Amino acid sequence: MKSPWKILMAAPLLFLLTLHTLASSGYGNWPDTRHSNGHACIACVLVVSVIEQLSQVHNSTVQISMERLCSYLPEKLFLKTTCYLVVHIFGPDIIKLFRADMNADVVCHTLEFCKQNPGQPLCHLYPLPKEEWKFILEKARQIVKKSPALTYSRSGSDICSLPFLAKICQKIKLATQNSVPFKDADSDKYSDFPTLRGFHWRGRDCNDSNKMAYPGRRPDNWDSYQDSNCNGIWGVDPKDGIPYEKKFCEGSQPRGVILLGDSAGAHFHIPPDWITASQMSLKSFFNLPIALTNELDWPQLSGTTGFLYSTSRIKENSIYLRLRKRNHCNHRDYQNISKNGASSQSLERFIESLSRNQLLDYPAIVIYAMIGNDVCNGHIDPLPEMTTPEKFYSKVMQTLQYLDSHLPNGSHVILNGLPDGRFLWDHLHDRYHPLGQLNKDVTYAHFYSFLNCLQVSPCHGWMSSNKTLRTLTSERAEQLSKMLKKIATSQKFTNFDLFYLDFDFQEITEEWKKKGGQPWQLIEPVDGFHPNEVLLQLLADHFWKKMQHWWPHILGKENPFNPQIEQVFGDQGGH
């Protein structure tokens with residue numbers, strides 16, 4: 001049995017891994033330790049800032065604020081317990097440093113979660129102290145010089161190296177890397193478990209012990225005896241002996257929707273009340289375990305495959321829900337094959353998680369939406385790391401050829417263009433970030449600069465004060481969009497027809513303004529980069545209207561039997 005001390009040492013590392021995940025999930029996968037250290041630095045500054053601001057908001061001591069933060073966390077995934085252990089280890093040093101008027105930047109550099117490498121600039125979120133930085137840092141280090149807590153921050157240990165966690169870590173790693181469900185008893189790429197790439201990402205498996213029963217397939221014997229395609233329609237009408245699936249779905253042109261995307265398509269989202277002290281309560285972290293086991297993505301609320309109705313109080317819904325409303329036989333036929341940090345160049349690593357059988361399954365609408373990471377990266381000089389039009393063409397064609405060999409005949413593929421991301425800086429740079437709202441000390445310009453300094457920005461090219469760099473990034477995005485349009489108009493495939501759709505942010509923002517909104521309200525407030533739920537729903541509405549106007553055949557027929565399906569099967573088993 002592993003010694004209690006070894007497990008105790010693992011607990012704070014587990015908590016810091018959680019924070020590291022929070023900081024890094026939407027920003028791609030960086031291979032070297034510099035970027036790993038950058039994510040640890042962000043996580044530390046974020047948490048220490050929240051502790052300091054909780055003290056201000058509640059006029060309480062730092063100790064009480066740390067305990068208050070832990071009390072807000074759920075017990076699931078040992079989050080609350082681990083938080084208290086972290087407070088036990090790091091709390092005394094944080095208290096001492098705050099008593100000496102050190103801010104979050106100084107605290108995290110002192111505890112060595114943030115590091116200034118030789119020859120590298122000093123990365124800080126808050127305005128620098130009036131005294132010289134070296135003097136301040138040395139003073140802080142003297143305060144915690146003999147602290148045992150430094151052992152943890154210096155160790156760089158990986159909790160997955162512990163034998164009792166190694167197997168579970170490996171399974172979770174494979175599930176997230178390969179974008180297939182962690183729990184999938186029959187290995188059909190569908191699951192009855194929600195997270196870890198389960199039915200939040202693709203339609204729920206109605207029989208996880210039968211690999212021939214899954215969403216999107218053509219019914220076996222018209223599903224007279226069992227539901228083979230999980231749309232909740234099966235059995236025989238006793239009045240006439242006709243199978244319900246045949247009566248209600250035959251000739252209705254069922255189809256599914258599949259998204260090939262990045263963190264925007266997966267709906268990467270960090271709720272603002274997770275880091276806003278004035279809004280934080282026991283309710284704030286209720287969904288934290290779900291979010292962590294979904295890679296901080298919320299595909300169940302995404303604009304393409306979301307099956308939960310929008311929480312944003314706008315009437316628009318996802319493309320999947322619209323397809324389901326149009327034809328109830330499409331129930332549960334959705335797949336979100338998106339990955340944080342994905343680009344045209346990395347899609348080949350996980351596209352095999354797509355599930356479609358050319359002979360057994362219905363056609364699908366596939367939306368290719370790699371809308372950022374071919375021009376976005378966190379390097380000091382991001383331009384050389386951007387995908388060239390030539391490489392882009394090669395990889396997109398490779399993806400389309402793969403789809404042609406796996407999609408059923410009669411499918412449709414829509415290539416989404418890249419946005420002009422200059423709207424990020426234009427609409428956010430002088431606004432206060434959630435961490436800066438209490439004391440009016442951190443704008444998005446400061447936040448972007450901090451990420452760029454650490455080389456962990458999701459998009460240095462657009463999240464930069466350098467106007468020339470922002471313009472060059474948009475020019476490359478336009479070149480890649482033109483390449484997609486050229487492919488769509490010049491290439492033909494056997495099993496699907498091909499279309500191109502612009503990412504027209506200007507048109508969408510004008511519609512939003514007519515509803516009384518402002519452009520900055522369409523961007524995720526915590527990371528200042530991703531489209532938020534409102535924008536994703538508006539994009540879905542934009543997509544739907546374009547399809548109806550230009551290519552209505554893509555959407556299939558409206559099923560006249562929808563009322564009868566509701567009458568007999570209700571919500572068809574839900575989602």
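Scoring rules and cut-offs
Residues numbered from 1 in each chain as written. Predicted model: local features only at pLDDT ≥ 70, side-chain atom pairs only at ≥ 80, totals over all residues. Heavy atoms only, no water. Bend = angle between axes of the 7 residues up to and from the residue. Helix = DSSP H or I, 4+ residues; strand = E, 2+ residues; numbered from the N terminus. Buried < 20%, exposed > 50% of the residue type's maximum accessible area, 1.4 Å probe, protein only. Contact = heavy atoms within 4.5 Å. Polar contact = N/O pair within 3.5 Å; in protein donor to acceptor, adjacent residues only side chain to side chain. Salt bridge = Lys/Arg side-chain N within 4 Å of Asp/Glu carboxyl O. Pairing = 2+ DSSP bridges. Right-handed = clockwise from strand over helix to strand, strands pointing away. Patch = residues over 30% accessible without salt bridge, like charges linked within 9 Å, V, L, I, M, F, W, Y side chains within 5 Å. Areas by Shrake-Rupley, 256 points an atom, 1.4 Å probe, with all protein chains shown as cover. Phe/Tyr/Trp six-rings, centres within 6.5 Å; stacked < 30°, edge-to-face > 60°. Lys NZ or Arg CZ within 6 Å of the ring centre and 35° of its normal. pLDDT = per-residue confidence, 0-100. Disulfide = S-S within 2.5 Å. Axes fitted to C-alpha atoms, helices over the stretch in contact; angles between N-to-C directions. Core = buried A, V, L, I, M, F, W, Y, C linked by side-chain atoms within 4.5 Å.

### What to know about helix α4 (residues 79–99)
Then step 1. Taking the largest bend as the criterion, α4 deviates by roughly 55°, centred on F90, and proline P92 comes between one and four positions later.
Then step 2. The positive-phi residue at the C-terminal boundary of α4 is D101, with phi of around 65°.

### Notes on the environment of D541
Then step 1. Tracing the backbone through its elements, the reader meets D541 in helix α18 (residues 533–550).
Then step 2. When its relative accessible area of 8% is taken as the criterion, D541 is described as buried.
Then step 3. For the pair D541 and I319, spaced 222 residues apart in the sequence, the C-alpha separation amounts to 7.8 Å.
Then step 4. When near neighbours in sequence (up to four residues on either side) are disregarded, D541 contacts E316 and R322.
Then step 5. A distance of 3.2 Å separates the side chain of D541 from the side chain of R322, its partner in a polar contact.

### Some details on the pattern of salt bridges
Between side chains of opposite charge, a pair can form when the charged atoms approach closely.
Then step 1. The final tally for this structure, using the stated rule, is 14 salt bridges.
Then step 2. With its nearest N and O atoms 2.9 Å apart, the salt bridge here joins K515 to E316. With a gap of 199 residues between them, K515 in the loop between α17 (505–514) and α18 and E316 in the loop between α11 (288–292) and α12 (319–326) connect regions that are remote in the sequence.
Then step 3. In this structure K515 comes out as partly exposed when scored by relative accessible area, which is 47%.

### Observations regarding the pairing of strand β3 (residues 364–369)
Then step 1. By the criterion of burial, β3 is predominantly enclosed, with 6 of the 6 residues buried.
Then step 2. The side-chain alternation of β3 yields two buried faces, one formed by A364, V366 and Y368 and the other by I365, I367 and A369.
Then step 3. The pairing of strand β1 (residues 256–261) with β3 spans 6 bridges and is classified as parallel. Bridging from a neighbouring strand, I258 pairs with V366 of β3.
Then step 4. Pairing between β3 and strand β4 (residues 411–416): 4 bridges, direction parallel. Opposite Y368, over in β4, you have L415 as the bridge partner.
Then step 5. With respect to chirality, the unit in which β3 leads through helix α13 (residues 389–404) into the neighbouring parallel β4 is right-handed.

### Digging into a nonpolar patch on the surface
Then step 1. Where nonpolar side chains cluster on the molecular surface, the patch consists of M212, L359 and L360 and spans about 300 Å² of accessible area.
Then step 2. Positionally, L359 belongs in the loop between β2 (334–338) and β3.
Then step 3. For L359, a relative accessible area of 75% puts it in the exposed group.

### A few points about the packing of aromatic side chains
Then step 1. Under the defined criterion, the tally for this structure stands at 15 aromatic pairs.
Then step 2. Taking 6.2 Å as the distance between ring centres and 35° as the angle between the ring planes, the aromatic pair formed by W425 and Y448 counts as tilted. Of this pair, W425 sits in helix α14 (residues 422–428) while Y448 sits in helix α15 (residues 444–454); the two residues are 23 residues apart in sequence, bridging distant segments of the chain. By the burial criterion, W425 is buried, and Y448 matches it.
Then step 3. Connected via pairs of aromatic rings, a cluster forms that spans F199, F307, Y320 and Y334.
Then step 4. In this arrangement the basic side chain of R431 is found over the ring face of W520, its NZ or CZ atom lying 3.7 Å from the centre.

### Structural notes on the confidence of the model for the protein chain
Then step 1. On average, residues of the protein chain score 92 in pLDDT, and 91% of them are at 70 or above.
Then step 2. In the predicted structure, residues 1–25 sits below a pLDDT of 50 and forms 53 contacts with residues beyond four places in sequence or in another chain.
Then step 3. Note on residues 29–33: pLDDT is under 50 here. Beyond four places in sequence and across chains, it has 9 contacts.

### Quick look at the state of the cysteines
Then step 1. Here the structure, examined in full by the defined rule, presents 7 disulfides.
Then step 2. Here C123 is linked by a disulfide to C453, with a sulfur-sulfur distance of 2.0 Å. Taking the torsion about the sulfur-sulfur bond, which here is approximately -80°, the covalent link between C123 and C453 counts as left-handed. Of this pair, C123 sits in the loop between α5 (104–110) and α6 (133–143) while C453 sits in helix α15, and the two are 330 residues apart along the sequence. Both residues of the pair, C123 and C453, count as buried.
Then step 3. Here C376 engages in a disulfide with C459; their sulfurs sit 2.1 Å apart. Taking the sign of the S-S torsion, about -70° here, the bridge from C376 to C459 comes out left-handed.

### Some thoughts on the side chain of S49
Then step 1. Considering the arrangement of structural elements, one finds S49 in helix α2 (residues 33–58).
Then step 2. Ignoring anything within four residues of it in the chain, the contact list for S49 reads A104, Y126 and L435.

### Describing the sheet that holds β4
Then step 1. A sheet is described by the order of its strands in space; here 5 strands give the open sequence β2-β1-β3-β4-β5, paired in parallel fashion. Pairing within the sheet leaves two strands with one partner each, and these edge strands are β2 and β5 (496–501). Neighbour-to-neighbour, the strand axes of the sheet open up by a mean angle of 15°, direction not taken into account.
Then step 2. Here 5 bridges tie β1 to β2, and the two strands are oriented parallel to one another. Directly across from I258, in β2, lies its bridge partner Q335.
Then step 3. Sitting on the sheet, helix α16 (residues 467–490) is in contact with β3, β4 and β5, with an inclination near 150° to β5.

### Quick word on α15
Then step 1. In terms of residue burial, α15 counts as a mostly covered element, since 8 of its 11 residues are buried.
Then step 2. All of the buried residues along α15 are Y444, F447, Y448, F450, L451, N452, C453 and L454.
Then step 3. Q455, located one to two residues past α15, shows a positive phi value of around 60°.

### Here we look at the side chain of T473
Then step 1. By the secondary structure assignment, T473 is in helix α16.
Then step 2. Ignoring anything within four residues of it in the chain, the contact list for T473 reads V375, M386, G461 and W462.

### Brief notes about the nonpolar core
Then step 1. Within the largest apolar cluster, 148 residues are counted, with the highest numbers of intra-cluster contacts made by L260, L400, L403 and L415.
Then step 2. The residues contacting L400, other than those within four sequence positions of it, are V413, L415, I487, F493, F496 and L498.
Then step 3. Membership of the second largest hydrophobic core comes to 7 residues, among which are Y244, F248, C329 and F569.

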